[in-house]
Amino acid sequence: MDIRALFSRAAGHAAGFRETVDERPQRPSRDYAGSLSAFEEDLPLHGARMEQVLDELVAKAEPGLHMTTSPRFFAWVMGGSHPMGVAADMLTSAWGQNAGNHAAAPSAAAVEAVAARWLLELLHLPPESSVGFVTGATVANFTCLAAARGAVLREKGWDADARGLFGAPPISVLIGDDAHTTVFSALQFLGFGHDRVVRVETDRAGRISRDGFARALASAEAPMIVILQAGQINTGACDDFATLVPLAKRSGAWVHVDGAFGLWAQASPRMGRQTAGVELADSWATDGHKWLQTPYDSGYAIVRDEVAHRRAMTIVASYLPPVSQGERDPSHYVPELSRRARGFATWAMLKHLGQDGVIALVDQACSAATLIAERLVREPGIAVLNEVALNQVIIRFGAGTEKSVADALTQQTIRALQEEGALFAGGAIWRGDQIMRLSVSNFQTDPGQAERAALAIIETYRTVCSRHAM
Ligand SMILES: *Cc1c(COP(=O)(O)O)cnc(C)c1O
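Reading guide: rules and limits
The residue count restarts for each chain, going from 1 along the sequence in the order it is written. Note on the predicted model: pLDDT of at least 70 is required for a residue's local features to be given, and 80 or more for side-chain atom pairs to be given and counted; whole-chain, interface and lining totals, by contrast, use all residues. Computation of side-chain values: all heavy atoms of the structure, hydrogens and water removed. Helical segments are the DSSP runs of H or I of at least four residues, strand segments are the runs of E of at least two, and each set is numbered from the N terminus. In this setup the radius of gyration rests on C-alpha atoms only. A globule is expected at 2.2 Å times the number of residues raised to 0.38. Contacts are assigned to residue pairs that have any heavy atoms within 4.5 Å of one another. Note on areas: Shrake-Rupley, 1.4 Å probe, and residue coverage restricted to the protein chains presented here. Charged residues are defined here as Lys and Arg on the positive side and Asp and Glu on the negative side; His and the ends of the chain fall outside this count. A charged residue contributes its charge at one atom only: NZ of Lys, CZ of Arg, CG of Asp or CD of Glu. Any two strands between which DSSP finds at least two bridges are classified as paired. Helix axes are fitted to C-alpha atoms over the stretch in contact, other axes to C-alpha atoms as well, and angles between N-to-C directions run from 0 to 180 degrees. Whenever a carboxyl oxygen of Asp or Glu lies within 4 Å of a side-chain nitrogen of Lys or Arg, that contact is scored as a salt bridge. Only protein chains enter the accessibility calculation, which uses a 1.4 Å probe; a residue is then buried when its area is under 20% of its type maximum, exposed when over 50%, and partly exposed in between.

Outline the overall build of the protein chain, listing residues and values.
Broken down by element type, the protein chain carries 14 helices and 11 strands. What you see for the protein chain is a C-alpha radius of gyration of 23 Å, in line with the 23 Å of a compact globule of 470 residues. Taking the principal axes of the C-alpha coordinates as reference, the protein chain spans close to 70 × 65 × 45 Å. A separation threshold of at least 6 residues defines the contact pool for the protein chain, and within that pool the share at least 24 residues apart is 72%. Carbon and sulfur atoms make up 56% of the accessible area of the protein chain, which totals about 20,600 Å². For the protein chain, the centre of its 43 positive side-chain charges and the centre of its 51 negative side-chain charges are spaced 2 Å apart.

Next up, the structure:
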């Protein structure tokens, strides 16, 4: 077996794809059904040569790939899988470390300890916090809320980690009405129930209203968990942490923040206004695979109280004193024991970008979002519905016409853009209206790319309108 030839071939395929992403139509050429029939065959009775399997995988998979890594991919909120992180991740796979504990994987455990410290410094979060390297913000929310659950019940004399929730004092959970769906999933996993929460009213941008929050706090009973948000999925809006966190703390609540992408504003002196006061919370969930551009999957569960974090995630830790100087076992901070050594890619990205590189990355995405919004609103009939405070833009076409006409024009423009393939963006419903959403979360979306995207959107909208008029 020629391992060098095999790995080089894989790297060659990878580079070949990435070098041409910008020129390709910005969408898959094959949908799910087509992809399924490409892969569909009976269980192979006999094996095949590795090079052949690799080439076949590429041939079958590539037509069904999204250009997620392109500077003009604006759908959902997805990072660009930066080549630096990808290269580190290739090594991670090749090294085959099991990042469960420091004895099984000394380097993997150590790199996490250092990357964790860097992340806390970069995001201006309390240095005593602990960090779990998880798959993404969904599991980060789950992990943080598990720590919260244990801590607020322990204060009432109840050990939920050992005894569970049956017979436990009921916990009030307050959450904004425009929170991300995955936070409700986390609540569901934890036995809180996704409907057994107090949903607090929000403003036009999706921010929790101060008065509504104060009222909800006043009528809720301890123990209490409050869930705030940095970066609403459509508008990018952040809750007013400087006001809400102290209010919640005064009521004795544990405050958790879902900051899957928005928490990265913290890194930037210019954008940090958006997240002012977020460091006062007790736990934070964020992603590496969104704004930091690490490859999938990568998320961080950050908890101020390390003991609460460890107690929630490990059986052993419940009976152990906190680790102060000792070795760090990655599995103490995440739900899994065996897992890939995600710390390598995070370390490589932070080392490659440096603090000023991360600041530039955050600022560039926000500037590009603003630039696109400014170009678009100059075109009659295009409205930007949000104040572009971060990297998200929500757009309505046929603005000023009847609702049903504008809904249809917006849908048609999204479809036409996807067919043309100059860029990729998707739709959503916001406050009852069809919108197109753009998330600028790729490291290559510079002003030139933003300009190009805005022009393509305007041109397509004009074509859709002329078709509509006929
Ligand atoms: C993406 C996102 C999540 C979920 O994160 P995953 O990385 O997909 O698990 C949660 N909250 C917000 C605000 C998000 O944008």
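Back to the text.
I'd like a description of the sheet that holds strand β5 (residues 254–258), backed by residues and values.
In sheet architecture, strand pairing relies on hydrogen bonds along the backbone and comes in two forms, parallel and antiparallel. Pairing within the open sheet is mixed, and its seven strands lie in the order β1-β7-β6-β5-β4-β2-β3. Of all the strands in the sheet, the pair left with one neighbour each is β1 (130–134) and β3 (198–200). When the angles between neighbouring strand axes are averaged without regard to direction, this sheet yields 20 degrees. Bridging between strand β6 (residues 283–287) and strand β7 (residues 299–303) involves five bridges; their strand directions are antiparallel. Counted as the bridge partner of serine 283 is valine 303 from β7. The sheet strands contacting helix α6 (residues 137–154) are β1, β4 (224–229), β5, β6 and β7, and the helix crosses β5 at an angle near 180 degrees.

Can you lay out the sheet that holds strand β9 (residues 392–397) for me, pointing to particular residues and giving the numbers?
Reading across the sheet, the four strands line up as β8-β9-β11-β10 and stay open at both edges, with antiparallel pairing between neighbours. Looking at strand neighbours, the two that pair on one side only are β8 (382–384) and β10 (426–430), the edges of this open sheet. With strand direction ignored, the average angle separating the axes of adjacent strands in the sheet is 40 degrees. Of the pairings in the sheet, the one linking β8 to β9 comprises three bridges and is antiparallel in character.

Outline the pattern of salt bridges, supporting the account with residue identities and numerical values.
Summed over the entire model, instances satisfying the criterion amount to 26 salt bridges. The shortest N-O distance in the salt bridge between arginine 431 and aspartate 178 comes to 2.9 Å. With arginine 431 in the loop between β10 and β11 (433–439) and aspartate 178 in the loop between β2 (172–176) and α8 (181–189), this residue pair connects regions lying 253 residues apart in the sequence. Looking at aspartate 178, the relative accessible area reads 11%, which means it is buried. Each of the salt bridges in this network shares a partner with another, and the network as a whole consists of Arg396, Lys403, Asp407 and Asp433.

I'd like to hear about the pairing of β10, residue by residue, with values.
A one-sided burial pattern is seen for β10, the buried positions being Gly426, Ala428 and Trp430 and the unburied ones Gly427 and Ile429. Where β10 meets β11, five bridges bridge the pair, whose relative direction is antiparallel. Its bridge partner being in β11, isoleucine 429 is matched across the sheet by glutamine 434. If you look at the hairpin formed by β10 and β11, you'll find two residues sitting between the two strands, and arginine 431 has a positive phi there, around 55 degrees.

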